[in-house]
Amino acid sequence: GYYDHLELHRVVPNFVAQGGDPTQSGWGGPGFAIPAEPSAGAGYVEGGVGMADAGRDSAGSQWFVMHGPAPHLDGRYTWVGRVVSRQSAANSLLIGDQVQTATVDLQNRP
């Protein structure tokens with residue numbers, strides 16, 4: 001329920017939508033940081049989901065979903081998954097849109 005009703009605070013059309021900040025400022029987080037696990041492959045294509053950070057080992061709760069390919073992000077950010085359906089909805093997100101509820105499906109992990 002952590003992400004329930006949090007608003008997206010950053011959207012760059014044709015690039016990325018970002019959320020997960022409880023302060024909605026772009027600088028907030030859960031009060032802890034997780035170690036970085038930068039992606040080794042082509043995770044940052046349309047629908048790729050990664051953890052936003054302010055530098056190595058500083059990610060917490062902020063995430064982003066890709067609107068299109070961004071190979072320059074590979075090897076830099078921790079990749080956590082992908083959109084498996086309704087990418088068109090992810091591409092139409094706007095600043096201020098809310099996450100109603102977040103679901104993680106571990107059955108489809110590689």
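Please refer to the structure placed before this passage.
Since the model is a prediction, treat every value here as computed from it, not as a measurement.

### Some remarks on the pattern of salt bridges
Line of reasoning, step 1. Tallied over the entire structure, the rule returns one salt bridge.
Line of reasoning, step 2. Between Arg76 and Asp53 there is a salt bridge, and its shortest N-O distance comes to 2.8 Å. Of this pair, Arg76 sits in the loop between strand 4 (63–66) and strand 5 (78–82) while Asp53 sits in the loop between strand 3 (48–51) and strand 4, and the two are 23 residues apart along the sequence.

### Notes on the packing of aromatic side chains
Line of reasoning, step 1. Applying the stated criterion to the full structure yields three aromatic pairs.
Line of reasoning, step 2. Geometrically, the ring pair formed by Tyr2 and Tyr3 is edge-to-face, given 5.2 Å between the ring centres and 85° between the ring planes.
Line of reasoning, step 3. According to the relative accessible area criterion, Tyr2 is partly exposed, its value standing at 38%.
Line of reasoning, step 4. With relative accessibility at 24%, the residue Tyr3 sits in the partly exposed group.

### Some details on the side chain of His9
Line of reasoning, step 1. Following the sequence through the fold, His9 ends up in the segment before strand 1 (10–12).
Line of reasoning, step 2. At 3.1 Å, the side chain of His9 forms a polar contact with the side chain of Gln62.
Line of reasoning, step 3. His9 has contacts with Gln18, Gly19, Asp21, Gln24, Gly26, Gln62 and Ile95, leaving out every residue within four places of it along the chain.

Definitions and cut-offs
- Residues numbered from 1 in each chain as written.
- Predicted model: local features only at pLDDT ≥ 70, side-chain atom pairs only at ≥ 80, totals over all residues.
- Heavy atoms only, no water.
- Salt bridge = Lys/Arg side-chain N within 4 Å of Asp/Glu carboxyl O.
- Helix = DSSP H or I, 4+ residues; strand = E, 2+ residues; numbered from the N terminus.
- Phe/Tyr/Trp six-rings, centres within 6.5 Å; stacked < 30°, edge-to-face > 60°.
- Buried < 20%, exposed > 50% of the residue type's maximum accessible area, 1.4 Å probe, protein only.
- Polar contact = N/O pair within 3.5 Å; in protein donor to acceptor, adjacent residues only side chain to side chain.
- Contact = heavy atoms within 4.5 Å.

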